[in-house]
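# Structural description and commentary
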Amino acid sequence: METPPKLQSFSLKILSKILSYGHEYDGTCTLLTCRKLAQRLPMFQIDDDVIRLVDVEQSNPMLTRDVMNTSFRKAGVKIRNRNRHMYREIPVYDPGVLLDRLNTRRLYKQILYVRKQNPLGSHGNRSYSFDRTIENLVMDDDSFGCPASMRMLRFRYQQRGAEKRENDTCPVLLASYPRSGNSLVRCLIEKISGVVTGSDTRPDRTLSKALSHQYDLVGEGVVNGEMVDLVKTHWPERRGFCPFEASKIILLVRNPWDAMDSYFNMMLTNTHTKTLSDAVYEKFTEFYSELVTAEIETWTIFYRSYLNMAKKMKISCLLIRYEDLLVDAAPEMVKIMNFIYPGIDYSEQIDAVLKENKLAKNGSYRPRGSTKIGKSIPRYSPSLVKEITEKSNPLLTRLGYNHDSISNLEDWDKELGCKYSQQGHSNTFRANVGNEIRKDHKFGRYLSYWRKQHTDDDKSPLETKS
(Lines give C-alpha, C1' and ligand atoms only; values in the text may rest on other atoms or scores of the structure.)
Protein backbone atom coordinates (compact mmCIF):
# COMPACT_ATOMS: atom_id res chain seq x y z
CA MET A 1 0.00 0.00 0.00
CA GLU A 2 1.43 3.36 -1.02
CA THR A 3 0.78 6.49 1.02
CA PRO A 4 -1.01 9.25 -0.96
CA PRO A 5 1.46 12.12 -1.53
CA LYS A 6 -1.03 14.74 -0.34
CA LEU A 7 -1.39 13.00 3.02
CA GLN A 8 2.25 13.81 3.77
CA SER A 9 1.58 17.55 3.62
CA PHE A 10 -1.29 17.57 6.14
CA SER A 11 -0.84 19.04 9.60
CA LEU A 12 -0.96 16.71 12.60
CA LYS A 13 -4.47 17.81 13.54
CA ILE A 14 -5.90 17.14 10.06
CA LEU A 15 -3.95 13.88 9.75
CA SER A 16 -5.26 12.65 13.10
CA LYS A 17 -8.83 13.48 12.10
CA ILE A 18 -8.47 11.42 8.90
CA LEU A 19 -6.89 8.48 10.73
CA SER A 20 -9.60 8.54 13.42
CA TYR A 21 -12.17 7.34 10.86
CA GLY A 22 -10.28 4.15 10.05
CA HIS A 23 -9.27 0.96 11.81
CA GLU A 24 -6.12 0.80 13.93
CA TYR A 25 -4.51 -1.54 11.38
CA ASP A 26 -5.20 0.86 8.49
CA GLY A 27 -3.80 3.86 10.34
CA THR A 28 -0.61 2.09 11.38
CA CYS A 29 0.01 0.78 7.86
CA THR A 30 -0.53 4.26 6.43
CA LEU A 31 2.07 5.81 8.70
CA LEU A 32 4.62 3.00 8.39
CA THR A 33 4.68 3.16 4.59
CA CYS A 34 6.11 6.71 4.64
CA ARG A 35 9.31 7.63 6.47
CA LYS A 36 8.13 11.19 7.06
CA LEU A 37 4.80 10.09 8.54
CA ALA A 38 6.34 7.24 10.55
CA GLN A 39 7.90 9.83 12.90
CA ARG A 40 4.37 10.71 14.05
CA LEU A 41 3.49 7.12 14.99
CA PRO A 42 4.68 7.36 18.66
CA MET A 43 2.16 10.15 19.26
CA PHE A 44 -0.68 7.64 18.79
CA GLN A 45 0.91 4.77 20.75
CA ILE A 46 -0.90 3.39 23.80
CA ASP A 47 1.37 3.11 26.85
CA ASP A 48 1.69 -0.40 28.25
CA ASP A 49 0.86 0.78 31.78
CA VAL A 50 -2.39 2.50 30.80
CA ILE A 51 -5.53 0.55 31.69
CA ARG A 52 -7.84 0.01 28.71
CA LEU A 53 -11.38 -1.24 29.15
CA VAL A 54 -12.50 -1.36 25.53
CA ASP A 55 -13.14 -5.11 25.45
CA VAL A 56 -15.09 -5.00 28.70
CA GLU A 57 -17.26 -2.15 27.44
CA GLN A 58 -18.17 -4.12 24.36
CA SER A 59 -19.15 -7.21 26.36
CA ASN A 60 -20.93 -5.22 29.10
CA PRO A 61 -22.54 -2.22 27.39
CA MET A 62 -24.67 -1.45 30.48
CA LEU A 63 -21.57 -0.60 32.53
CA THR A 64 -20.22 2.95 32.38
CA ARG A 65 -16.51 3.67 32.20
CA ASP A 66 -16.48 5.33 35.64
CA VAL A 67 -18.12 2.29 37.26
CA MET A 68 -15.67 -0.07 35.59
CA ASN A 69 -12.67 2.06 36.48
CA THR A 70 -13.70 2.10 40.15
CA SER A 71 -14.53 -1.57 40.42
CA PHE A 72 -11.48 -2.87 38.60
CA ARG A 73 -9.12 -0.49 40.41
CA LYS A 74 -10.37 -1.80 43.75
CA ALA A 75 -9.94 -5.36 42.53
CA GLY A 76 -6.46 -4.60 41.21
CA VAL A 77 -7.38 -5.92 37.76
CA LYS A 78 -5.77 -4.48 34.62
CA ILE A 79 -7.57 -5.18 31.36
CA ARG A 80 -5.52 -4.15 28.34
CA ASN A 81 -6.71 -3.26 24.89
CA ARG A 82 -5.44 -5.53 22.11
CA ASN A 83 -4.55 -2.54 19.93
CA ARG A 84 -1.15 -0.86 20.21
CA HIS A 85 -2.26 2.50 18.78
CA MET A 86 -5.31 4.68 19.17
CA TYR A 87 -6.16 7.14 16.40
CA ARG A 88 -8.23 10.07 17.54
CA GLU A 89 -8.48 13.71 16.64
CA ILE A 90 -5.90 15.57 18.70
CA PRO A 91 -5.42 19.28 19.42
CA VAL A 92 -3.25 21.50 17.27
CA TYR A 93 0.43 20.75 17.78
CA ASP A 94 1.49 21.78 14.29
CA PRO A 95 4.20 24.43 14.75
CA GLY A 96 3.20 26.26 11.57
CA VAL A 97 -0.37 26.74 12.79
CA LEU A 98 0.81 27.76 16.28
CA LEU A 99 3.26 30.26 14.79
CA ASP A 100 0.58 31.81 12.57
CA ARG A 101 -1.68 32.21 15.59
CA LEU A 102 1.13 33.72 17.66
CA ASN A 103 2.07 36.20 14.94
CA THR A 104 -1.56 37.21 14.48
CA ARG A 105 -1.83 38.00 18.20
CA ARG A 106 1.42 39.93 18.16
CA LEU A 107 0.43 41.89 15.06
CA TYR A 108 -2.78 42.92 16.82
CA LYS A 109 -0.72 44.11 19.80
CA GLN A 110 1.54 46.04 17.43
CA ILE A 111 -1.46 47.79 15.88
CA LEU A 112 -2.77 48.83 19.31
CA TYR A 113 0.72 49.93 20.36
CA VAL A 114 1.29 52.06 17.26
CA ARG A 115 -2.10 53.72 17.51
CA LYS A 116 -1.57 54.48 21.18
CA GLN A 117 1.93 55.87 20.69
CA ASN A 118 1.25 57.74 17.48
CA PRO A 119 -2.51 58.32 17.02
CA LEU A 120 -2.13 61.18 14.54
CA GLY A 121 1.39 60.55 13.32
CA SER A 122 2.78 59.22 10.07
CA HIS A 123 1.16 55.82 10.56
CA GLY A 124 -2.23 57.32 11.39
CA ASN A 125 -4.77 54.56 11.87
CA ARG A 126 -2.95 52.22 9.52
CA SER A 127 -0.19 50.20 11.18
CA TYR A 128 0.66 48.18 8.09
CA SER A 129 -0.20 48.03 4.41
CA PHE A 130 -3.40 46.14 3.63
CA ASP A 131 -1.73 44.31 0.73
CA ARG A 132 0.77 42.58 3.03
CA THR A 133 0.29 39.13 4.57
CA ILE A 134 1.62 38.20 8.01
CA GLU A 135 4.35 36.16 6.34
CA ASN A 136 5.34 39.22 4.29
CA LEU A 137 5.48 41.32 7.44
CA VAL A 138 7.60 38.70 9.20
CA MET A 139 10.04 38.65 6.28
CA ASP A 140 10.22 42.46 6.28
CA ASP A 141 10.68 42.44 10.07
CA ASP A 142 8.83 45.74 10.29
CA SER A 143 7.79 45.94 13.95
CA PHE A 144 7.27 49.72 13.95
CA GLY A 145 9.63 50.13 16.91
CA CYS A 146 7.41 47.95 19.10
CA PRO A 147 8.69 46.12 22.20
CA ALA A 148 10.45 42.79 21.60
CA SER A 149 7.56 40.92 23.25
CA MET A 150 5.41 42.02 20.26
CA ARG A 151 7.94 41.04 17.61
CA MET A 152 6.68 38.45 15.15
CA LEU A 153 8.75 35.28 14.75
CA ARG A 154 9.70 33.19 11.73
CA PHE A 155 11.14 29.80 10.94
CA ARG A 156 14.67 29.49 9.67
CA TYR A 157 13.69 28.94 6.02
CA GLN A 158 12.06 32.40 6.16
CA GLN A 159 15.34 34.08 7.13
CA ARG A 160 17.22 36.50 5.01
CA GLY A 161 20.43 35.19 3.44
CA ALA A 162 22.76 37.11 5.77
CA GLU A 163 21.62 35.17 8.82
CA LYS A 164 22.90 31.76 7.75
CA ARG A 165 24.93 29.78 10.27
CA GLU A 166 27.66 27.17 9.95
CA ASN A 167 26.55 23.58 9.23
CA ASP A 168 23.22 25.11 8.32
CA THR A 169 21.49 21.75 7.88
CA CYS A 170 22.13 20.83 11.52
CA PRO A 171 20.78 22.83 14.47
CA VAL A 172 22.76 23.90 17.52
CA LEU A 173 21.97 21.90 20.67
CA LEU A 174 20.89 23.67 23.87
CA ALA A 175 21.59 20.94 26.42
CA SER A 176 20.80 21.17 30.12
CA TYR A 177 19.63 19.24 33.14
CA PRO A 178 15.89 20.00 33.68
CA ARG A 179 15.01 23.30 35.37
CA SER A 180 18.30 24.99 34.45
CA GLY A 181 16.96 27.98 32.53
CA ASN A 182 16.64 26.60 28.99
CA SER A 183 13.19 28.20 28.47
CA LEU A 184 14.58 31.59 29.49
CA VAL A 185 17.50 31.24 27.08
CA ARG A 186 15.16 30.15 24.25
CA CYS A 187 12.92 33.19 24.81
CA LEU A 188 15.89 35.56 24.80
CA ILE A 189 17.25 34.04 21.57
CA GLU A 190 13.83 34.29 19.90
CA LYS A 191 13.39 37.93 20.91
CA ILE A 192 16.91 38.84 19.76
CA SER A 193 17.02 36.89 16.48
CA GLY A 194 13.31 36.71 15.63
CA VAL A 195 13.74 32.99 14.80
CA VAL A 196 11.75 30.16 16.44
CA THR A 197 13.72 27.73 18.62
CA GLY A 198 12.95 24.00 18.71
CA SER A 199 12.73 21.20 21.26
CA ASP A 200 13.03 17.41 21.06
CA THR A 201 10.16 16.85 23.50
CA ARG A 202 6.95 15.34 22.17
CA PRO A 203 4.55 18.26 21.60
CA ASP A 204 1.56 16.38 23.01
CA ARG A 205 2.97 16.07 26.53
CA THR A 206 1.40 18.24 29.24
CA LEU A 207 4.43 20.44 29.93
CA SER A 208 5.21 20.82 26.22
CA LYS A 209 1.62 21.86 25.50
CA ALA A 210 1.92 24.46 28.25
CA LEU A 211 5.07 25.91 26.64
CA SER A 212 3.64 25.97 23.10
CA HIS A 213 0.04 27.01 23.84
CA GLN A 214 0.38 29.23 26.93
CA TYR A 215 3.95 30.53 26.86
CA ASP A 216 4.50 31.10 23.10
CA LEU A 217 7.36 28.61 22.60
CA VAL A 218 5.73 27.23 19.45
CA GLY A 219 8.75 25.15 18.35
CA GLU A 220 8.01 22.24 20.71
CA GLY A 221 8.69 18.99 18.85
CA VAL A 222 10.67 20.69 16.04
CA VAL A 223 14.20 19.33 15.48
CA ASN A 224 14.49 19.99 11.74
CA GLY A 225 17.56 22.12 10.99
CA GLU A 226 15.74 23.69 8.05
CA MET A 227 13.13 25.16 10.41
CA VAL A 228 15.08 26.09 13.57
CA ASP A 229 18.63 27.10 14.42
CA LEU A 230 18.59 25.79 17.98
CA VAL A 231 16.99 22.74 19.63
CA LYS A 232 16.54 22.28 23.37
CA THR A 233 17.24 18.83 24.80
CA HIS A 234 17.66 17.03 28.13
CA TRP A 235 19.29 14.02 26.47
CA PRO A 236 20.88 11.84 27.84
CA GLU A 237 19.06 12.58 31.12
CA ARG A 238 16.06 11.40 29.11
CA ARG A 239 15.71 10.65 25.42
CA GLY A 240 13.79 12.98 23.12
CA PHE A 241 11.10 11.67 20.80
CA CYS A 242 13.42 11.22 17.79
CA PRO A 243 17.16 11.23 16.90
CA PHE A 244 18.62 14.14 14.93
CA GLU A 245 21.97 15.53 13.82
CA ALA A 246 23.43 18.53 15.70
CA SER A 247 26.42 20.74 14.90
CA LYS A 248 27.35 22.49 18.17
CA ILE A 249 26.55 22.35 21.89
CA ILE A 250 25.48 25.16 24.19
CA LEU A 251 25.84 23.53 27.60
CA LEU A 252 23.65 25.40 30.10
CA VAL A 253 24.44 24.59 33.73
CA ARG A 254 22.71 25.65 36.95
CA ASN A 255 23.74 24.94 40.53
CA PRO A 256 22.28 21.55 41.53
CA TRP A 257 20.90 22.81 44.85
CA ASP A 258 18.30 24.95 43.07
CA ALA A 259 17.95 22.79 39.94
CA MET A 260 17.07 19.60 41.83
CA ASP A 261 14.61 21.38 44.10
CA SER A 262 12.92 23.00 41.10
CA TYR A 263 12.78 19.60 39.37
CA PHE A 264 11.05 18.16 42.45
CA ASN A 265 8.43 20.93 42.27
CA MET A 266 7.89 20.54 38.52
CA MET A 267 7.39 16.79 38.63
CA LEU A 268 5.06 16.83 41.65
CA THR A 269 2.89 19.73 40.38
CA ASN A 270 3.20 18.89 36.65
CA THR A 271 3.62 22.61 35.96
CA HIS A 272 6.45 25.05 35.31
CA THR A 273 5.34 27.70 37.78
CA LYS A 274 3.70 26.26 40.93
CA THR A 275 5.63 25.75 44.17
CA LEU A 276 4.83 23.05 46.71
CA SER A 277 3.83 24.15 50.19
CA ASP A 278 6.03 23.57 53.24
CA ALA A 279 3.52 20.99 54.46
CA VAL A 280 4.20 18.84 51.39
CA TYR A 281 7.96 19.06 51.99
CA GLU A 282 7.43 17.96 55.60
CA LYS A 283 5.21 15.08 54.56
CA PHE A 284 7.67 13.76 51.98
CA THR A 285 10.95 14.64 53.71
CA GLU A 286 12.37 11.15 53.35
CA PHE A 287 11.33 10.91 49.69
CA TYR A 288 12.88 14.33 48.98
CA SER A 289 16.19 13.24 50.51
CA GLU A 290 16.14 10.05 48.48
CA LEU A 291 15.42 12.02 45.30
CA VAL A 292 18.21 14.59 45.63
CA THR A 293 20.85 11.99 46.54
CA ALA A 294 19.93 10.07 43.39
CA GLU A 295 19.55 13.17 41.21
CA ILE A 296 22.98 14.59 42.03
CA GLU A 297 24.45 11.53 40.32
CA THR A 298 22.29 12.22 37.26
CA TRP A 299 23.32 15.91 37.29
CA THR A 300 27.03 15.04 37.54
CA ILE A 301 26.98 12.31 34.86
CA PHE A 302 24.98 14.57 32.54
CA TYR A 303 27.51 17.39 32.47
CA ARG A 304 30.59 15.17 32.56
CA SER A 305 29.31 13.22 29.56
CA TYR A 306 28.86 16.38 27.48
CA LEU A 307 32.22 17.85 28.46
CA ASN A 308 33.98 14.59 27.67
CA MET A 309 32.10 14.14 24.38
CA ALA A 310 32.95 17.66 23.23
CA LYS A 311 36.62 17.14 23.99
CA LYS A 312 36.88 13.63 22.58
CA MET A 313 34.85 14.19 19.38
CA LYS A 314 36.12 17.79 18.89
CA ILE A 315 32.66 19.32 18.85
CA SER A 316 32.27 23.07 19.24
CA CYS A 317 30.92 23.66 22.74
CA LEU A 318 29.95 26.75 24.75
CA LEU A 319 29.59 26.47 28.54
CA ILE A 320 27.10 28.96 30.05
CA ARG A 321 26.22 29.24 33.72
CA TYR A 322 22.61 30.17 34.48
CA GLU A 323 23.79 32.26 37.44
CA ASP A 324 25.95 34.43 35.16
CA LEU A 325 22.85 35.16 33.09
CA LEU A 326 21.02 36.33 36.21
CA VAL A 327 23.85 38.61 37.32
CA ASP A 328 24.75 40.15 33.94
CA ALA A 329 22.91 38.72 30.94
CA ALA A 330 24.36 40.98 28.21
CA PRO A 331 27.87 39.46 27.89
CA GLU A 332 26.48 35.92 28.14
CA MET A 333 23.94 36.57 25.38
CA VAL A 334 26.69 38.08 23.20
CA LYS A 335 28.62 34.80 23.60
CA ILE A 336 25.53 32.74 22.75
CA MET A 337 24.52 34.74 19.68
CA ASN A 338 28.10 34.80 18.34
CA PHE A 339 28.26 31.05 18.87
CA ILE A 340 25.05 30.37 16.91
CA TYR A 341 25.53 33.08 14.27
CA PRO A 342 29.29 33.75 13.98
CA GLY A 343 30.15 37.03 12.31
CA ILE A 344 26.74 38.67 12.91
CA ASP A 345 26.52 41.54 15.41
CA TYR A 346 23.44 41.30 17.63
CA SER A 347 24.65 43.71 20.31
CA GLU A 348 22.04 46.35 19.45
CA GLN A 349 19.16 43.83 19.65
CA ILE A 350 20.55 42.36 22.89
CA ASP A 351 20.68 45.79 24.56
CA ALA A 352 17.15 46.60 23.39
CA VAL A 353 15.69 43.34 24.72
CA LEU A 354 17.45 43.50 28.10
CA LYS A 355 16.63 47.19 28.68
CA GLU A 356 12.99 46.59 27.91
CA ASN A 357 12.33 44.26 30.85
CA LYS A 358 14.00 42.71 33.83
CA LEU A 359 15.55 39.37 32.94
CA ALA A 360 12.85 37.37 34.76
CA LYS A 361 10.15 39.02 32.62
CA ASN A 362 11.97 38.11 29.41
CA GLY A 363 11.22 34.42 29.98
CA SER A 364 8.21 32.58 28.67
CA TYR A 365 6.73 32.39 32.18
CA ARG A 366 7.32 33.98 35.55
CA PRO A 367 10.02 32.06 37.47
CA ARG A 368 8.92 29.81 40.34
CA GLY A 369 9.35 31.96 43.43
CA SER A 370 12.44 34.10 43.92
CA THR A 371 15.34 34.29 41.46
CA LYS A 372 17.82 34.42 44.34
CA ILE A 373 20.80 32.15 43.74
CA GLY A 374 21.03 29.29 46.25
CA LYS A 375 17.50 29.91 47.57
CA SER A 376 16.89 26.16 48.06
CA ILE A 377 19.98 25.43 50.16
CA PRO A 378 18.12 25.71 53.52
CA ARG A 379 16.12 22.61 52.51
CA TYR A 380 19.28 20.47 52.59
CA SER A 381 20.37 19.00 55.91
CA PRO A 382 24.11 18.91 56.78
CA SER A 383 24.23 15.18 56.05
CA LEU A 384 22.60 15.72 52.64
CA VAL A 385 25.03 18.54 51.84
CA LYS A 386 27.97 16.29 52.66
CA GLU A 387 26.67 13.37 50.58
CA ILE A 388 25.81 15.58 47.58
CA THR A 389 29.22 17.27 47.70
CA GLU A 390 31.06 13.95 47.80
CA LYS A 391 29.09 12.54 44.86
CA SER A 392 29.50 15.59 42.62
CA ASN A 393 33.06 16.74 43.24
CA PRO A 394 35.36 17.85 41.68
CA LEU A 395 32.86 19.17 39.08
CA LEU A 396 30.79 20.94 41.74
CA THR A 397 33.81 22.87 43.01
CA ARG A 398 35.15 23.74 39.57
CA LEU A 399 31.81 25.26 38.61
CA GLY A 400 31.71 27.32 41.81
CA TYR A 401 28.71 25.49 43.27
CA ASN A 402 30.09 24.39 46.62
CA HIS A 403 27.62 24.77 49.47
CA ASP A 404 29.83 27.32 51.25
CA SER A 405 30.76 29.37 48.17
CA ILE A 406 27.52 29.44 46.17
CA SER A 407 26.99 33.11 47.07
CA ASN A 408 30.40 34.06 45.60
CA LEU A 409 29.87 33.60 41.87
CA GLU A 410 33.42 34.61 41.03
CA ASP A 411 34.81 31.61 42.89
CA TRP A 412 34.86 29.12 40.04
CA ASP A 413 37.38 27.66 37.65
CA LYS A 414 37.21 30.06 34.68
CA GLU A 415 39.59 27.80 32.80
CA LEU A 416 36.85 25.17 32.76
CA GLY A 417 34.75 27.40 30.51
CA CYS A 418 37.72 28.21 28.28
CA LYS A 419 38.89 24.61 28.13
CA TYR A 420 35.58 23.13 27.07
CA SER A 421 34.06 26.14 25.31
CA GLN A 422 36.00 25.32 22.18
CA GLN A 423 34.98 26.68 18.81
CA GLY A 424 36.03 26.27 15.22
CA HIS A 425 35.21 22.57 14.96
CA SER A 426 32.88 21.41 12.19
CA ASN A 427 32.16 17.89 13.48
CA THR A 428 28.52 16.90 13.97
CA PHE A 429 26.96 14.26 16.20
CA ARG A 430 23.68 12.40 16.72
CA ALA A 431 21.44 13.41 19.63
CA ASN A 432 18.98 11.04 21.32
CA VAL A 433 21.05 7.98 20.39
CA GLY A 434 22.23 5.53 23.03
CA ASN A 435 21.18 4.78 26.59
CA GLU A 436 19.55 7.26 28.94
CA ILE A 437 21.39 8.07 32.15
CA ARG A 438 18.52 6.79 34.26
CA LYS A 439 16.48 4.43 32.13
CA ASP A 440 13.61 2.97 34.20
CA HIS A 441 14.73 5.19 37.09
CA LYS A 442 11.89 5.99 39.49
CA PHE A 443 12.97 9.63 39.66
CA GLY A 444 12.73 10.10 35.89
CA ARG A 445 9.50 9.74 33.92
CA TYR A 446 8.25 7.20 36.47
CA LEU A 447 7.98 10.05 38.97
CA SER A 448 4.75 10.96 37.18
CA TYR A 449 3.24 7.64 38.25
CA TRP A 450 4.32 8.29 41.84
CA ARG A 451 2.61 11.70 41.72
CA LYS A 452 -0.60 10.21 40.33
CA GLN A 453 -0.66 7.57 43.07
CA HIS A 454 -0.63 10.33 45.70
CA THR A 455 -3.08 12.64 43.91
CA ASP A 456 -5.74 10.23 42.64
CA ASP A 457 -4.59 10.59 39.02
CA ASP A 458 -4.04 14.36 39.49
CA LYS A 459 -7.66 14.88 40.57
CA SER A 460 -6.49 16.03 44.02
CA PRO A 461 -3.21 17.91 43.40
CA LEU A 462 -0.67 18.38 46.15
CA GLU A 463 -0.93 21.63 48.09
CA THR A 464 0.96 24.57 46.59
CA LYS A 465 1.82 28.09 47.70
CA SER A 466 -0.48 30.85 46.51
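Check the entry above for the structure.
Computed from a predicted model, the values in this text were never measured in an experiment.

## Digging into the overall build of the chain
- Helix and strand content of the chain: 19 helices and 7 strands.
- Of all intrachain contacts in the chain linking residues separated by at least 6 positions in sequence, the fraction that spans at least 24 positions is 80%.
- Carbon and sulfur atoms make up 50% of the accessible area of the chain, which amounts to about 23,200 Å² in all.

## Focus on unusual backbone geometry
- The linkage connecting Trp 235 with the following residue, Pro 236, adopts the cis geometry, with an omega of 5°.
- Considering the arrangement of structural elements, one finds Pro 236 in the loop between strand E3 (230–233) and strand E4 (244–246).
- Note the cis peptide between Asn 393 and Pro 394, where omega equals 5°.
- On the secondary structure map, Pro 394 appears in the loop between helix H16 (382–392) and helix H17 (395–398).

## Comments concerning the environment of Phe 10
- Mapped onto the elements of the fold, Phe 10 is located in the segment before helix H1 (12–19).
- Assessed through its relative accessible area of 23%, Phe 10 is described here as partly exposed.
- The contacts of Phe 10, once residues within four sequence positions are left out, are Leu 15, Ile 18 and Arg 40.

## Regarding the pattern of salt bridges
- Summed over the entire model, instances satisfying the criterion amount to 16 salt bridges.
- Among the salt bridges present, the one from Glu 245 reaches Arg 430, with a minimum N-O distance of 3.9 Å. Remark: Arg 430 occurs in strand E7 (residues 429–431) and Glu 245 occurs in strand E4; sequence separation between them is 185 residues.
- Assessed through its relative accessible area of 28%, Glu 245 is described here as partly exposed.
- Here Arg 430 falls in the partly exposed class, since its relative accessible area comes to 44%.
- In this structure, Glu 387 engages Lys 391 in a salt bridge whose closest nitrogen and oxygen atoms are separated by 3.4 Å. Taken as a pair, Glu 387 and Lys 391 lie in helix H16 at a separation of 4 residues, close to a single helical turn.
- By relative accessible area, which is 31% here, Lys 391 ends up partly exposed.
- Several salt bridges converge on common partners, so that one network encompasses Asp 261, Asp 278, Arg 379 and Lys 465.

## A look at the environment of Lys 274
- With respect to the element layout, Lys 274 can be found in the loop between helix H10 (256–269) and helix H11 (278–283).
- Separated by 190 residues in the primary sequence, Lys 274 and Thr 464 place their C-alpha atoms 6.5 Å from one another.

## Some points on the pairing of E3
- Residues Leu 230 and Lys 232 of E3 are buried on one face, and the alternating residues Val 231 and Thr 233, pointing to the opposite face, are buried as well.
- Inspection of the sheet shows strand E1 (residues 172–175) paired to E3 by 4 bridges, in the parallel sense. Looking across to E3, one finds that Val 172 is bridged to Leu 230.
- With 2 bridges joining them, strand E2 (residues 198–199) and E3 adopt parallel strand pairing. In the strand pairing of E3, Ser 199 is matched with Lys 232.

## A short note on the pairing of E1
- Residues Val 172 and Leu 174 of E1 are buried on one face, and the alternating residues Leu 173 and Ala 175, pointing to the opposite face, are buried as well.
- Where E1 lies against strand E5 (residues 248–253), 4 bridges are found, and the strand directions are parallel. In the strand pairing of E5, Leu 174 is matched with Ile 250.

## Overview of the sheet that holds E3
- Taken in spatial order, the 5 strands line up as E2-E3-E1-E5-E6 in an open sheet, and their pairing is parallel. Of all the strands in the sheet, the pair left with one neighbour each is E2 and strand E6 (317–321).
- Each of E1, E2, E3 and E5 touches helix H8 (residues 182–193); the most contacted strand, E3, lies at about 170° to it.
- Most of the contacts of helix H14 (residues 329–340) go to E6, to which it runs at about 160°, and overall it touches E1, E3, E5 and E6.

## A look at the nonpolar core
- Membership of the largest hydrophobic core comes to 67 residues, with the highest contact counts inside it found for Ile 249, Leu 251, Trp 299, Tyr 306, Tyr 380 and Leu 447.
- With 13 residues, the single largest contributor to this core is helix H12 (residues 285–313).
- In this structure Tyr 306 touches Leu 173, Ala 175, Thr 233, Trp 235, Pro 236, Ile 249 and Leu 251, once residues within four positions along its chain are discounted.
- Core analysis: the second largest hydrophobic core is formed by 27 residues, Leu 184, Val 195, Ala 329 and Val 353 among them.

## Considering the packing of H8 against H14
- Between H8 and H14, whose axes approach to 11 Å, the crossing angle comes to 70°. Put simply, H8 runs roughly perpendicular to H14. Where H8 crosses over H14, the handedness of that crossing is right-handed. Here H8 contributes Val 185, Leu 188, Ile 189, Ile 192 and Ser 193 to the contact with H14, which in turn contributes Met 333, Ile 336, Met 337 and Ile 340.
- The residue makeup of the contact of H8 with H14, split by class, is 8 nonpolar, 1 polar and no charged.

Calculation notes
- Residues numbered from 1 in each chain as written.
- Predicted model: local features only at pLDDT ≥ 70, side-chain atom pairs only at ≥ 80, totals over all residues.
- Heavy atoms only, no water.
- Helix = DSSP H or I, 4+ residues; strand = E, 2+ residues; numbered from the N terminus.
- Contact = heavy atoms within 4.5 Å.
- Areas by Shrake-Rupley, 256 points an atom, 1.4 Å probe, with all protein chains shown as cover.
- Buried < 20%, exposed > 50% of the residue type's maximum accessible area, 1.4 Å probe, protein only.
- Salt bridge = Lys/Arg side-chain N within 4 Å of Asp/Glu carboxyl O.
- Pairing = 2+ DSSP bridges.
- Axes fitted to C-alpha atoms, helices over the stretch in contact; angles between N-to-C directions.
- Core = buried A, V, L, I, M, F, W, Y, C linked by side-chain atoms within 4.5 Å.
- Parallel < 35°, antiparallel > 145°, perpendicular 65-115°, else oblique.
- Left-handed = near helix turned anticlockwise from the far one by under 90°.
- Nonpolar A, V, L, I, M, F, W, Y, C, P; charged D, E, K, R; others polar.

Treat this as a map of the structure, not an account of what it does.
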